[in-house]
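What the coordinates show
Listed below, chain by chain, are the residues.
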Amino acid sequence: MTNERDYRLPENFVYPDREKLKLLIRLAGMITDRYVAKYTHTIRPDDPEVWCLDEVMNKDEVKFMLSFKKPRTNYSHAQLVKMNPAFTETQINQMLEHLMWVGCIETNRENPAKELWYDVPIFVPGIAEFMVMNDKLMAEHPNIATFFNLMTQMPLEGITPMVPMGGAGIGMHVIPVEKAIESVSTSVPLEHISHWLDKYEGKLSIGVCTCRRQQRIRGEGDGSIEQECCIGLGDLAEWCVNTGRGHYITKEEALEACERAERHGFVHQTTNIDGEDKIVGLCNCAPGVCNAIRTSQLYNTPNMSRSAYRAHVKKENCVACGKCVEVCPVGAAKLGQKLCKKDGSEVKYPLTLLPDETRWTADNWNIHYREDAKINCYDTGTSPCKTACPAHIAVQGYVKMAKEGRYEDALKLIRQDNPFPAVCGAICNRRCEDACTRGTVDSPVAIDEIKKFVAQQEIDPAFRKSILPVCERDEGGFWDDNYKMAVIGSGPAGMSCAYYLRTKGYPVTIFEKEKKPGGMLTYGMPSFRLSKDLVDAEIDMLREMGIEFRCGVEIGRDVSIADLRAQGYRAFYVSIGLSGGRSAGVPGEDAAGVESGIGFLNRVNRDHSVKLTGDVVVVGGGNVAVDVARTAQRTTDGHITMICLEGADEMPAAADEVEDAKAEGIEVKNGWGPKEILTEDGKVTGVVFRKCTRVKNPDGRFDPQYDEETTITVPCKNVLEAIGQSAVWGDLLKGTKAQTRRGGTIICDPVTFQTGEPDIFAGGDINHGARFAIDAIADGKKGAESMHRFVHEGQSLTIARDLREFIELDKEDITVPLGYDHAKRCVPGSRKVEDRFDDTRLPLTEEQVHQEADRCLGCGATTVDINRCIGCGLCTTRCEFDAIHLERDLPDCSRFFRSEDKMKAIAPYAMKREIKIIRKEAREKKAARR
C-alpha cells in the first residue's frame, strides 16, 4: 500500500558516515516491530527504520539511545547520566530535549516516587506517531509520512492471520460507542469510554491525528481533514503537552470530542499495548485513512482490532433507510431485502472468509478495502424505491415515520439526501413510485404524496428552525474565510450543493443573475404546479443556515471567476441550468408569435397578467411542453394544441401530467413533427406538420424519420417551442480551461464533477442535459463532497468515496407477506381556487397518510456480515427505528496483552489454528476421494 509520492531511498545511496550507519542498524533492530528482521539481525541500510532515524538524529544521539538497551524500559535522569559516561550531563539534557521533541524518547511516572522517567517507545504505536504529531518536524522531513505508512504494514504482513481475538497487544483496539452498550449487563469497564476518562481525569490532552496528517502528506486523504481528535491519557498526556504535541482538556471536553466524532462517522480506538489496566491514547479514527483499521481490513483479519461486540439487525424493525450502511467504517452493513423469495426461502448473504482455519496468503488480502467498504448493497439488491430515486432518499424510513406521526423526524431523514422535500413533493417525477414493489400487487404506495404532506410543515418558520441541520466541520465550528465556496446559479443543483457545503461548516455564497433565487423552480416551473411560497420557505431555511445569496450578479459580466478567486473563493460549483430554448430549424421561426417555451414560462412566472391572443400550438412532448401548454391555457381564450413526435405511449412527459393537460381542454396530437411555420405579414398563421414514422434509431439514439407527403396544418396565432433547452453561458467561463460539449453542456468528470479547470465543478442540467429537480439535487450533494476534498491539501477526490450505487431487488422472485394491508391507494383531493395560477392539489389528510404508509410492503432491510463487523457501534447512532444493536458475542476480544507478551497470546492460538487447518485439509482430501 504505497504510492508514487512515498519516499524511497535513492538507488545506490551511500551513507556518508559508515560508523553512524552501523549504529543506526543496531538501533533500528532494537526498536523495530519487525520481529523476523529483529531476531535474525537482518536490518538493511535501505530499510525505513534506518533511513528515517538517520534523518532526525545525529550520531551521538544514536549512541545515547542505544544505551537504553531495549524499548519500553524506564530510566531516571540520574541513571541515564550514569549509563552514559561519554557524555556530560549538559549534553544528555540537550539530547533528551531534542529526542523528546523529535518523538524518539517519551516520559512517564511509573515509579513509586512519581518522578519523570524516560524510555524508548516501540515504533508503532509510538515513535512513528510521535514524529508525525510534530508539525515542524514534518515540514522539515515529510519522508516520515512514508516511514509511518510502512511501519504500520511491514511488521504485520506475515503475523496477522495468527493474531487471536483481542489483538495480542498489537496496535489499537476498537472501543464501542458508549450509548450502544449501556444496557449490556455483561460489558466490562475497559469497554467503556467513560471508564478510561474517569481513570485519567485531570491528565487528559488532545492533539492532531497522525493518520490524517500522514495521508494528507501522501496525497491519500479521504476528505477527513487533519484535526485535533486524538486524546492522550495519563503520562502520555503530560508528555504531549510538554513537547508541544497537544494541550490539556477536561473530561467534559474529551466526551464532547468523542460525541462529535460519532456525528461525523469516526471510530473510537484505544491503544492496545499495555495490558488490561492501562491505555495511553483514545483516538477518533477516520476509517478511510486510519492505519490501525487498515491492519485488520487490508489483511482481512478483524481480530487485529475488533471489539467484543458485533452488530445484529432486527429485520422486523428495519426499514432499509441505509444510514447504518453509510456510516459503517468497514462495509459490514449492507442493504438487502426483507421479503422472501418465491419459494419461501430467505435470501442468503455471504460472510467474509476469515483465517481461522484457512491458509492465508496475499490472495486473501483486501487491497480495495477502502472502496468496497463503501458498497451500499448486495448484488441481489434492495428496496426498489431507494434504488430508483436519483438521490437515494430513505423512502421506507420516512414512510414509516409518517405512519407513526413522527413528521419532524421524517423531514430530518429526508433532508439528509434532499434539502427540498416540499419542492419535490410538488414536482417530482416519482421514479420511486414507478419502481415500488407494491405496484406488482395493485398500485404503488403514494410515496410522493406522503412526502408532500410531511413537507407542508415547513411553511411554518418555527418548524423550519426545529429541523435545521447541524452545521460544523469535523473538528467543530466553521471554516474561516480562507475556505470560501462559490456556487454559481441558484437552481436545485446549486442550492443543494450550498446546503451540503454548509453542513460541512463552509462559508458559502450563491451567485444568481436574476433578482430572486430558485432558478427554474422560481422562473421556469408554473406556480399551479409549484407554489412559490414552498420555494421561498425552503430557500429561507438555507438563509437561516448561514448561506449568503447574492442576486442580480452575473458571473462573467459583473464579476469574473478570476475576480472571485482574488476575493478568496477556493472552489466553484457551476449550476446555471439550461435557461435557453431550442428551435426546430424550420422556415418561419422568426415570425412574430413564435417563442421558446422556456422563455414563455419565464415571462409568465414574472407576471401572471401576461396574455396571448388566439389559438396556441405547443411543439414538444415532455414535461416542460405540458407546463407550457397548461400555462398557455391560463393566458388565452384560444384553443391549445400540443403536438409531438412521439406516440401516446412514448411521450417523455409523465402520464398524469398529460392527463391533467387533457382535463383542462388541451388537445394532444401524437406522431407529428413541424415542417414549416406559416406566416402572413410577419405574423404566425399556422403550422404545417409532417408525419413522424420513427423517433429513435435501432440503437436508441434520437433520429426522427418522416413521411414528407403526409401532412396536417394547424391554424394558430402563437407557436411555443418546447423541444429542448440550451445553455446560456455568456462570459462565465472566460479565462478558464473548462470546456463545453457541442450541445453546450460542460465537460466534467462523471464521478467528481471536476471540469478542465481544477477548482471549477459543475452539476445539474448544465452537466448532463435537461432532467428533473431530484437529479439536480443528487448532483449538488456529490459536488459538495468533491469541493470539500479539493480545497484541502492532499485529499483525493475518489479514495473511500461513497458512490451511492444501489441495485433493485428481483421483483419477479418475491413472496408478498401474508396479511399485508389490502387497502387501495389513497387519492388526494382538490380544491377550487380563484386564481388559475394557484395549485388546486391538496395534500393527503393525516388519516390518509397513515393509511397509505400501511400499504408499504417493507421490501428492504440491512444485513450485517458479522465476520467483517468490528463492533464500533456507529451504526446504532444512525438508526431511528431500534433495528440494529450491539451484542457482546466475542468476549475474548476484550483480553488485552502487553506488547512484550504478544507471543504468549499468538503462539497457542497459532498452534490451534494450524491444527484446524490440517484437519480441514484432511476432510477436504477425504471428500475429494469419494
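Refer to the structure above for everything that follows.
Keep in mind the model is a prediction, meaning the values are calculated, not measured.

Moving on, we come to the overall build of the protein. A count of helices and strands for the protein gives 35 helices and 27 strands. Taken over C-alpha atoms, the radius of gyration comes to 33 Å for the protein, in line with the 30 Å a tight globule of 930 residues would show. By principal-axis analysis of the C-alpha atoms, the protein measures approximately 110 × 65 × 60 Å. For the protein, long-range pairs separated by at least 24 residues make up 75% of all intrachain contacts whose partners lie at least 6 apart in sequence.

With that out of the way, let us pick up the sheet that holds strand β11 (residues 484-488). Judged by pairing direction, the sheet is parallel, and its five strands sit side by side in the order β13-β12-β11-β14-β25 without closing on themselves. The outermost strands of the open sheet, each flanked by one partner alone, are β13 (548-551) and β25 (760-762). Strand after strand, the sheet turns through a mean of 25 degrees between neighbouring axes, direction not considered. Relative to strand β12 (residues 508-512), β11 is paired through four bridges, and the arrangement is parallel. Its bridge partner lying in β12, A486 is registered against T509.

Right, let's talk about the sheet that holds strand β7 (residues 267-271) for a bit. In a beta sheet, neighbouring strands pair by backbone hydrogen bonds and run either parallel or antiparallel. Overall, antiparallel pairing links the six strands, which are arranged β3-β7-β8-β5-β4-β6 in an open sheet. In this open sheet, the two strands that pair with only one neighbour each are β3 (172-174) and β6 (247-249). Neighbour-to-neighbour, the strand axes of this sheet turn through a mean angle of 35 degrees, independent of strand direction. In this structure, strand β4 (residues 204-208) lies alongside strand β5 (residues 228-233), joined through five bridges in antiparallel fashion. Note on β5: the bridge partner recorded for V208 is E228. Set on the sheet, helix α13 (residues 251-263) makes contact with β4, β5, β6, β7 and β8 (281-285); between it and β8 the angle comes to about 30 degrees.

Our next topic: the packing of helix α9 (residues 144-151) against helix α11 (residues 210-218). Interhelical geometry of α9 versus α11 gives an angle of 120 degrees and a closest axis separation of 9 Å. Classified by the angle their axes make, α9 and α11 are oblique. Along this stretch, α9 crosses α11, giving a crossing that reads as left-handed. Side by side, α9 and α11 meet where A145, F148 and N149 of the first sit next to T210, C211, Q214, I217 and R218 of the second. Among the residues making up the contact of α9 with α11, the classes are represented as four nonpolar, three polar and one charged.

Quick look at the pairing of β8 now. Among the five residues that make up β8, five are buried, leaving the element largely enclosed by the rest of the structure. Of the two faces of β8, both are covered, the one formed by G281, C283 and C285 as well as the one formed by L282 and N284.

Here the focus is the pattern of salt bridges. As enumerated under the stated definition, the model contains 74 salt bridges in all. One salt bridge connects R557 with E554, and the closest N-O pair in it is separated by 3.2 Å. Take R557: its relative accessible area is 55%, and that puts it in the exposed class. The shortest N-O distance in the salt bridge between E900 and R898 comes to 3.4 Å. Among the residues examined, E900 registers a relative accessible area of 39% and is labelled partly exposed.

This part covers the packing of aromatic side chains. As enumerated under the stated definition, the model contains 16 aromatic pairs in all. Pairing Y349 with Y378 gives two aromatic rings, centres 4.6 Å apart and planes at 40 degrees, and the pair type is tilted. Of this pair, Y349 sits in the loop between β10 (333-337) and α16 (369-372) while Y378 sits in the loop between α16 and α17 (384-388), placing them 29 residues apart in sequence. Taken individually, Y349 and Y378 each receive the classification buried, so the pair is uniform in this respect. An aromatic cluster is defined as three or more aromatic residues linked by ring pairs; in this entry it consists of F64, F68 and Y75. The positively charged end of K781 is found above the aromatic ring belonging to Y500, 5.2 Å away from the centroid.

Of all nine residues making up helix α3 (residues 48-56), seven are buried, and the element is well covered by its neighbours. Buried positions along α3 lie against α1 (18-31), α4 (59-66), α6 (89-102), α7 (123-133), α8 (135-140) and α9.

Quick look at the nonpolar core now. By size, the foremost hydrophobic cluster in this structure holds 96 residues, and its most contacted members are F64, I105 and M131. The contact partners of M131, leaving out residues within four places of it in the chain, are C52, L53, V56, V102, C104, L137, M138, I144, F147 and R245. Judged by nonpolar contacts, the second largest core, of 80 residues, contains C432, V445, Y499 and L844.

Bringing a positive patch on the surface into the picture now. Residues K925, K926, R929 and R930 make up a contiguous surface patch of positive charge. Mapped onto the elements, R929 comes out in helix α35 (residues 902-929). Owing to a relative accessible area of 65%, R929 belongs among the exposed residues under this scheme.

The next thing to look at is the side chain of K484. Its place among the elements puts K484 in strand β11. In this structure, K484 is buried with no salt-bridge partner, the nearest side chain bearing the opposite charge being D481 at 5.5 Å. Only 2.7 Å separates the side chain of K484 from the backbone oxygen of Q567, close enough to count as a polar contact. Those residues in contact with K484 that sit more than four places away from it in its chain are P507, Q567, G568, Y569, R570 and A571.

For the peptide bond that leads from V124 to P125, omega is -10 degrees, which places it in the cis range. Of note, P125 is situated in helix α7. A positive phi angle is found at N12, which is not glycine, with a value near 60 degrees. Here N12 shows up in the segment before α1. Within the chain, R804 stands out as a residue other than glycine whose phi angle is a positive 55 degrees. Examined against the element boundaries, R804 turns out to sit in the loop between α32 (773-790) and α33 (846-853). We classify R804 as buried; its relative accessible area is 14%.

The subject of this paragraph is the packing of helix α24 (residues 492-503) against α32. Helix packing geometry: the angle between the two helix axes and the distance between the axes. Running from amino to carboxyl end, α24 crosses α32 at an angle of 40 degrees, the nearest separation of the two axes being 7 Å. As summarised for this structure, α24 and α32 are arranged oblique, according to the angle between their axes. α24 and α32 meet at a crossing whose hand is right-handed. Along the contact surface, α24 presents P492, A493, S496, C497, Y500 and L501, while α32 presents A773, A776, I777, G780, K781, G783, A784, M787 and H788. Taken together, the residues that form the contact of α24 with α32 break down as 10 nonpolar, four polar and one charged.

Taking 1.5 Å of rise per residue, the 14 residues of α6 would be expected to cover 20 Å, and the 20 Å separating its terminal C-alpha atoms lies within 8% of that figure. I92, M95, L96, L99, M100 and V102 are the residues of α6 that are buried. Burial along α6 is one-sided: seen end-on, the buried residues are contained in an arc of 150 degrees. Exposed residues on α6 whose side chains face more than 90 degrees from its buried face are T90, Q94 and E97. Taken from the residues just after α6, G103 is the one with a positive phi, measuring 115 degrees.

Our focus in this paragraph is a negative patch on the surface. Taken together, the side chains of D533, E834, D835 and D838 present a region of like negative charge at the surface. On the secondary structure map, D838 appears in the loop between α32 and α33. A relative accessible area of 37% places D838 in the partly exposed class.

Each value, and the rule that gives it
- Residues numbered from 1 in each chain as written.
- Predicted model: local features only at pLDDT ≥ 70, side-chain atom pairs only at ≥ 80, totals over all residues.
- Heavy atoms only, no water.
- Helix = DSSP H or I, 4+ residues; strand = E, 2+ residues; numbered from the N terminus.
- Rg over C-alpha atoms; globule rule 2.2 N^0.38 Å.
- Contact = heavy atoms within 4.5 Å.
- Pairing = 2+ DSSP bridges.
- Axes fitted to C-alpha atoms, helices over the stretch in contact; angles between N-to-C directions.
- Parallel < 35°, antiparallel > 145°, perpendicular 65-115°, else oblique.
- Left-handed = near helix turned anticlockwise from the far one by under 90°.
- Nonpolar A, V, L, I, M, F, W, Y, C, P; charged D, E, K, R; others polar.
- Buried < 20%, exposed > 50% of the residue type's maximum accessible area, 1.4 Å probe, protein only.
- Salt bridge = Lys/Arg side-chain N within 4 Å of Asp/Glu carboxyl O.
- Phe/Tyr/Trp six-rings, centres within 6.5 Å; stacked < 30°, edge-to-face > 60°.
- Lys NZ or Arg CZ within 6 Å of the ring centre and 35° of its normal.
- Core = buried A, V, L, I, M, F, W, Y, C linked by side-chain atoms within 4.5 Å.
- Patch = residues over 30% accessible without salt bridge, like charges linked within 9 Å, V, L, I, M, F, W, Y side chains within 5 Å.
- Areas by Shrake-Rupley, 256 points an atom, 1.4 Å probe, with all protein chains shown as cover.
- Lys, Arg positive; Asp, Glu negative; His and termini not counted.
- Charge placed at Lys NZ, Arg CZ, Asp CG, Glu CD.
- Polar contact = N/O pair within 3.5 Å; in protein donor to acceptor, adjacent residues only side chain to side chain.
- Expected span 1.5 Å × (residues − 1).
- Arc of directions from axis to C-beta.

Purely geometric stuff here, so don't read any function into it on its own.
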